[in-house]
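The chain contents come next:
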Amino acid sequence: MLEKIVDRKKEDLKFFQLPRREEVKPHSLKQALAFAANRDGIGLIAEIKRASPSKGVLAEDLDVVERAKAYEAGGADAISVLTDGPYFQGSIMDLIAVKRAVSVPVLRKDFIVDERQIEESARIGADAILLIASILEPDHLKDMAEMAHAVGLETLVEVHTKDELEQLLAVYDPSLIGVNNRNLKTFATDTGQTRALSDSVPSDSFIVSESGIHNAEDVASVAKAGAKAMLIGERLVSDGDPEKTIPDLKKGALLG
Ligand SMILES: O=C(O)c1ccccc1NCC(=O)[C@H](O)[C@H](O)COP(=O)(O)O
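- Looking up the chain in an unreviewed UniProt entry gives the name Indole-3-glycerol phosphate synthase, with the organism given as Salicibibacter cibarius.
- For the chain, the Sequence similarities (unreviewed entry) comment in UniProt is given as "Belongs to the TrpC family."
- Listed in UniProt under the heading Catalytic activity (unreviewed entry), the comment for the chain reads: "1-(2-carboxyphenylamino)-1-deoxy-D-ribulose 5-phosphate + H(+) = (1S,2R)-1-C-(indol-3-yl)glycerol 3-phosphate + CO2 + H2O".

Printed below as a string of structure tokens:
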């Protein structure tokens, strides 16, 4: 599936056109998450996605602006927007609309495989982009991260296995490391993956635990494993009252 997503992305990039630049105020993802970790025990990146390969349609008629504002009002420290069209029913227009509507940092979640997507991300007003170790060779990922930083974007570098992490650390030391609890080949999620990798993450890096977080116990488990922030999609995008749910989830960091 991951291969299919990336192949489709490369195919679509043949028709790539740069959008015009948005005039928006930048916000630092790392600073927002570090501040929240200090205040609440854990920071939260709340995700907007209409659909996913693992779950199908989650929220077809989602009003992304309304949802982003509800996340922010509930205490989300940052918002992630899935901009992939074919597999997640997202678009760069979603990110543009969200960035205009909120004052927390906005992360572009997509399958970034080409330098042009970095300039695109900067133009649409993203504050940060996701770089996925399983689809980029370590040297290429390092180059892409440096290119992103040069145009003012922060990077969240995602790994799933210890091997991926070790190969990456041999050439590059990211300050924000996302441990994806979802195996992108089988789609199975296990929050224990954050614990399994956390000892191998350099002590000066900041761990964001991603995927499969549904309740306060999951939050407690990843916080105990060393995550300073979490990224939650499905649980929040399909929630009727995220303004109430977000504080309840965050309280999980204080459990145990
Ligand atoms: O969500 C999927 O099915 C998926 C499949 C293949 C590649 C990426 C995928 N998701 C992107 C994400 O990283 C998640 O949306 C994110 O970590 C939130 O996960 P969740 O809280 O479990 O919705």
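Still to come is the rest of the account.
Some words on the sheet that holds strand β8 (residues 176-180)
Next, step 1: Here eight strands make up a closed barrel; going around it, the order is β1-β4-β5-β6-β7-β8-β9-β10 and the pairing parallel. Between one strand axis and the next, the sheet turns through 25° on average, direction left out of account.
Next, step 2: Relative to strand β7 (residues 154-159), strand β6 (residues 128-132) runs parallel, the two sharing five bridges. Bridging across to β7, Ile132 finds its partner in Glu158.
Next, step 3: Along the sheet, helix α3 (residues 64-74) contacts β1 (43-48) and β4 (78-82); its crossing angle with β1, the most-contacted strand, is approximately 165°.

Some remarks on unusual backbone geometry
Next, step 1: Of note in this structure, Phe187 is not a glycine but carries a positive phi near 75°.
Next, step 2: When you line up the elements, Phe187 lands in the loop between β8 and α8 (192-198).
Next, step 3: With relative accessibility at 25%, the residue Phe187 sits in the partly exposed group.
Next, step 4: For Ser211, which is not glycine, the phi torsion reads 80° and is therefore positive.
Next, step 5: As for its placement among the helices and strands, Ser211 is situated in the loop between β9 (206-210) and α9 (216-224).

Brief notes about helix α6 (residues 138-150)
Next, step 1: With 13 residues, α6 extends 18 Å from end C-alpha to end C-alpha; this agrees with the ideal 18 Å at 1.5 Å per step.
Next, step 2: Residues of α6 that are buried: Pro138, Leu141, Met144, Ala145 and Ala148. End-on view of α6: buried residues confined to an arc of 120°, all on one side of the axis.
Next, step 3: On the buried face of α6, the contacting elements are α5 (115-124), β6, β7 and α7 (162-169).
Next, step 4: Within two residues after α6, Gly152 carries a phi angle of roughly 90°, on the positive side.

Some thoughts on the site of the ligand
Next, step 1: Close to the ligand lie 19 residues; Glu47, Ser54, Lys109, Ser211 and Glu234 are nearest.
Next, step 2: In the environment of the ligand, an oxygen atom lies 2.4 Å from a nitrogen or oxygen atom belonging to the side chain of Glu47.
Next, step 3: In the environment of the ligand, an oxygen atom lies 2.8 Å from a nitrogen or oxygen atom belonging to the side chain of Arg182.
Next, step 4: The protein chains hide 98% of the 510 Å² of surface that the ligand would expose on its own.
Next, step 5: More than half of the atoms belonging to the ligand lie within 2 Å of the grid points that define the largest cavity.
Next, step 6: Split by residue class, the shell around the ligand holds seven nonpolar, six polar and six charged.

Definitions and cut-offs
Residue positions are given per chain, counted from 1 along the sequence in the order it is written. This being a predicted model, a pLDDT of at least 70 is required before a residue's local features are given, and a value of 80 or more before pairs of side-chain atoms are given or counted; all residues contribute to the totals for chains, interfaces and linings. To get the side-chain values, take all heavy atoms of the structure and skip hydrogens and water. UniProt positions are given in the numbering used here, feature names are shortened, and annotations may be inferred rather than shown by experiment. If DSSP finds at least two bridges between two strands, the strands pair. Helix and strand assignments follow DSSP, with helices taken as H or I runs no shorter than four residues and strands as E runs no shorter than two, numbered in order from the N terminus. Lines fitted to the C-alpha atoms define the axes, with helices restricted to the stretch that makes contact. Angles between their N-to-C directions range from 0 to 180 degrees. Here, residues are in contact when the closest pair of their heavy atoms is within 4.5 Å. Throughout this description, buried means an accessible area under 20% of the type-specific maximum (1.4 Å probe, protein chains only), exposed means over 50%, and partly exposed covers the range between. Multiplying 1.5 Å by the residue count of a helix minus one yields the expected span of that helix. Arc, as used here, means the arc of the directions from the helix axis to the C-beta atoms. When at least one non-hydrogen atom of a residue lies within 4 Å of a molecule or strand, that residue is treated as near it. By the criterion applied in these results, polar contacts are pairs of N or O atoms within 3.5 Å in which, for protein atoms, one can donate a hydrogen and the other can accept it, and in which residues neighboring in sequence qualify only through two side-chain atoms. The method behind every accessible area is Shrake-Rupley, applied with a 1.4 Å probe, and residues are considered shielded solely by the protein chains displayed. Grid points spaced at 1 Å over the protein atoms alone were grouped into cavities, where a 1.4 Å probe fits but cannot get out, and pockets, open sets with protein on both sides within 12 Å along at least five of seven lines, with lining residues defined by an atom within 4 Å of a point. Pocket occupancy is defined atom-wise: a molecule lies in a cavity or pocket when more than half of its atoms are within 2 Å of its grid points. Three residue categories are used. Nonpolar comprises Ala, Val, Leu, Ile, Met, Phe, Trp, Tyr, Cys and Pro, charged comprises Asp, Glu, Lys and Arg, and polar comprises the others, including Gly.

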